[in-house]
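Residues per chain, in single letters:
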Amino acid sequence: MKQEQIQELIKRALEAREKSYSPYSHYRVGAALLCKDGQIYTGCNIENAAYTPTNCAERTAFFKAVSEGKREFLAIAIVGGGEQVDSYVTPCGVCRQVMKEFCRNDFAIYAAKTPEDYKEFTLMELLPESFGPENLD
Ligand code: THU
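Described below are features of the structure shown in this document. Model, not experiment: these values are computed from the prediction. (Residues numbered from 1 in each chain as written. Predicted model: local features only at pLDDT ≥ 70, side-chain atom pairs only at ≥ 80, totals over all residues. Heavy atoms only, no water.)

Topic: unusual backbone geometry
Here's step 1: Despite not being glycine, His26 has its phi angle at roughly 60°, a positive value.
Here's step 2: Inspection of the secondary structure assignment puts His26 in the loop between α1 (3–17) and β1 (28–35).
Here's step 3: Phi is positive for Tyr51, which is not a glycine, with a value near 65°.
Here's step 4: Relative to the helices and strands, Tyr51 is located in the loop between β2 (40–44) and α2 (57–67).
Here's step 5: What makes Tyr51 exposed here is its relative accessible area of 56%. (Helix = DSSP H or I, 4+ residues; strand = E, 2+ residues; numbered from the N terminus. Buried < 20%, exposed > 50% of the residue type's maximum accessible area, 1.4 Å probe, protein only.)

Description of the packing of aromatic side chains
Here's step 1: A full pass over the atoms with the stated rule returns six aromatic pairs.
Here's step 2: Judged by centre distance (5.8 Å) and plane angle (45°), the rings of Tyr24 and Tyr51 are tilted. One end of the pair, Tyr24, is in the loop between α1 and β1; the other, Tyr51, is in the loop between β2 and α2, and 27 residues separate them in sequence.
Here's step 3: The class of Tyr24 is partly exposed, set by a relative accessible area of 38%.
Here's step 4: Residues Tyr110 and Tyr118 carry aromatic rings whose centres are separated by 5.5 Å and whose planes lie at 85° to one another, so their mutual orientation is edge-to-face.
Here's step 5: Linked through ring pairs, Phe62, Phe73, Phe102 and Phe107 together constitute an aromatic cluster. (Phe/Tyr/Trp six-rings, centres within 6.5 Å; stacked < 30°, edge-to-face > 60°.)

By themselves, these figures tell us nothing about what the structure is for.
Here's what the structure looks like:
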């Protein structure tokens, strides 16, 4: 992906983080998901007093996109932290499995601190030997 596109995606993730509903962990996460048609869906983490219903930023973005009919994705940018975004946030196991449902190995995962400072991963790196739709063919 082009540098400007990556930076734009990270900026959208940083904006989405502002909407984080995280009164329990105070850990605010934002994500921006780029569809193959160029559209971007953003998401934040949404916590719950019962804890387990909490939804991660990545899944919020995916579920928004899929519920609007999107099925093909190019990349996701993720930012998170307490007061500041001071470390790289890689997706939790559940979010990796949700990515596996819709993404192949051409999908790029950007764990970012700033639009200029990020690490890039493939799904194969983050979820090797995974179980996916092909197992049920
Ligand atoms: N969280 C995310 O939204 N994405 C991640 O990749 C890691 C964790 C959220 C879930 C919870 O609201 C908070 O961060 C602390 O785990």
